[in-house]
Amino acid sequence: MKRITKAVYTLLLFAAVWAAGFPAVTVSAAAGSVNNMNVVFVLDGSGSMYTTDQEKLRFEALELFLGLSTEYGNSMGAVVFDDGILLTEDLAPVNGKEAKSRLSEKVRSASGNGDTDIGSAIYKAVQMLRAFGNPDLPSAIILLSDGNTDLPKDKSGKLLEASLRRKAEAIDHARKREISIHSVCLNANGKAKKEELQEISDATGGTCVEVKKASDLKDVFNQFYNIIYATKTIHLVDTKIPKSGELRVPFSIPVIGVKEANIIINTLNAQTTYSLFHPDGYAFTKAELEQMAVQAKTFTVIKIEKPEPGEWELVVRGARKDQVKIDMVYNTDLSIQLEETLVQSQGNQAVWELGAQVSNEGEAAPKEVYQQYPFWIQVTDQATGEKTKLEMKPDGGRCAAQLETEGYGTYKVQAFCEIDDMKVKSNAKTIQKPNTKPEWKQETIVIDETYHLFSKSLFTLDLNTLASDAEDDELVFAVADSQFSEEEVFLQDGSVLACKIKICGDGSLTVTAADQAGATAQVEIEIHTTSVTGKMLLILALALLLAVLILLFPVIRPHFMVVRGTVQILTYGEDGTDPPVTFDGEKGRMLLSKYVHPAQEIGMRLEKCYLMAGEKNGCIYFVSAQGYYTDRDGAQKKKKIRVDAGMELQISSDPDFANGIRITYMPYQD
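How would you summarise the overall build of the chain if you had to cite specific residues and measurements?
Helix and strand content of the chain: 13 helices and 43 strands. Within the chain, the fraction of its 670 residues that count as buried is 49%. A separation of at least 24 residues holds for 70% of the contacts in the chain among residues at least 6 apart in sequence. Of the roughly 33,300 Å² of accessible surface on the chain, a fraction of 49% belongs to carbon and sulfur atoms.

Written as structure tokens, this is what we have:
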């Protein structure tokens, strides 16, 4: 057989690359018909194409591609470009042989002699798909060029800048709408650069192939027909016409699934003729075959629509020893619909019923299909990527399988079947064991504890007795927010709330319960504490207190004295200094938390710090339970600190004075 030219190889591979957007030899049950899609052909019509494709075989390959596509349901358009748009054929349904021929003729009629502006061309193609594409079909762009963007006449650089901007916008829109751009770099003269086309395809999830020679035609031919309609190429014969001048080629059509059968005849002898015999024994007329066939220089495609199942025969008549290669490709409208039902969920385990039903051109397949052909489920663990195969069994007018899962992992499940030479896959489902969040038995939990001198200091509460989970998951508890210090109220052994009841005082905290799936629920816990003694102890205490007051009257006298002056306090910390707070003196102990509310952490518990009058009006005292440092006393911590009139004193919980308060006392003028 004579060598096929490089351009034929190029355009065949170009068609194959377009189809690479579908899984190899697999029919996917996507929306719409399985073999239909939106596609825009973007063909280079620049002056260099006159040398890289002198015989214009790209148009013949386009006709072959159109002939192999299904007769109805596709939406197609075209853009031919050089340094401008030479032709725009709007995206529209392409139904029937005449519509395919019209599209091919319009593309063939476009010609140019300019430079190359790829960005503007693919931008136009994306716009067409956005505006006119069938939303129920997948979309793709097929880009063929013998070079890269080249605008030598653009001296200002503005045209190149615009082209690059349009290319970036086209890629962005294509990504958002899942439009793959598949490209072929026709490098017949060795001058083309693949990098730009490769970048476009990579960025949109497409494929880019560089074409240099025709010797790979056979492999590409097989790949082309395997991928284009997502089915296997059935090799019927590859031989020479015998001495009789007549080659008889029998082939079978399955009982289900074949919407169209494409018989591909590869021969270089234009005088070769064909006869096609129906399983009932009659032959198609010459006029009928012409209507069914798409003729090219090196290929003829005979399309049999809705072929009758059974034994067919093709008779090829030609010159003795002419090489003839015949293959068959099915267009199918088989699909599988997968449904999942949770039938059991207990503890950490779940059981799913998975059912799959096959449809052929929208009609339910007969029950015999599920008994005759293999069906299985592919289960993919989304966390690990591990895949397992689960066999399905016939179940009336469908097939079914049970899947057991543990924990709250996420799994992708997809049904497959293999019917003769057609491998079909269903829609994918994502399953996960259902989960409800934990529940607290009370909206607010109140701990009201009394204690006396001999009480235990640690009160405990088992949170597992107050929270539950419908799935019986082990709960994990955490303190989300608390008015207490971690030393006063804390979690013990993960699920026991511990309170140092004698020192914590009153307050509240928020506790979170989380199950194994990560669902959470919160509850507020209020703690109220009361110290209790006997009546006699109380009377004794009062008597002792009275005696002590009498004895210590000089000491406690300041507690009854009035601070006769104005106090100013500034609070500071890592976030800076808060606005100053100024207040007039009062009688007895002046609790600082009543007057000062810092907006940041200052390291001091002002609710346990207070001011009181001094022995003279010239000073006051700052008193605290735990003691603090001052910039006057150095590294010595004091619980009672004198604040002299007119002097600013710095008080902090750490000797570096990184945060704390600055206090100034100004007595009234008599």
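Structure shown, so let's carry the discussion forward.
Account for the packing of aromatic side chains, with residues named and values stated.
Under the definition given, this model contains eight aromatic pairs. Ring geometry for F622 against Y628: centres 6.2 Å apart, planes inclined by 65°, an arrangement best described as edge-to-face. The pair formed by F622 and Y628 is uniform in burial state, with each residue classed as buried. By way of ring pairs, the aromatic residues F251, Y282, F284 and W312 are connected into one cluster. Over the face of the ring belonging to Y610 we find R589, whose NZ or CZ atom lies 4.3 Å from the ring centre. Here K640 stacks its cationic end above the ring of Y621, 4.4 Å away from the centre of that ring.

Give a detailed account of the sheet that holds strand β28 (residues 458-462), specifying residues and quantitative values.
Strand order in the open sheet formed by three strands is β28-β32-β31, with antiparallel pairing between adjacent strands. Each having just a single partner strand, β28 and β31 (489-492) make up the two edges of the open sheet. With strand direction ignored, the average angle separating the axes of adjacent strands in the sheet is 25°. Note that β28 and strand β32 (residues 496-500) share five bridges and pair antiparallel. Bridge pairing in β32 links L458 to K500.

Reading guide: rules and limits
Residues numbered from 1 in each chain as written. Predicted model: local features only at pLDDT ≥ 70, side-chain atom pairs only at ≥ 80, totals over all residues. Heavy atoms only, no water. Helix = DSSP H or I, 4+ residues; strand = E, 2+ residues; numbered from the N terminus. Buried < 20%, exposed > 50% of the residue type's maximum accessible area, 1.4 Å probe, protein only. Contact = heavy atoms within 4.5 Å. Areas by Shrake-Rupley, 256 points an atom, 1.4 Å probe, with all protein chains shown as cover. Phe/Tyr/Trp six-rings, centres within 6.5 Å; stacked < 30°, edge-to-face > 60°. Lys NZ or Arg CZ within 6 Å of the ring centre and 35° of its normal. Pairing = 2+ DSSP bridges. Axes fitted to C-alpha atoms, helices over the stretch in contact; angles between N-to-C directions.

Function cannot be inferred from these measures alone, as they are strictly geometric.
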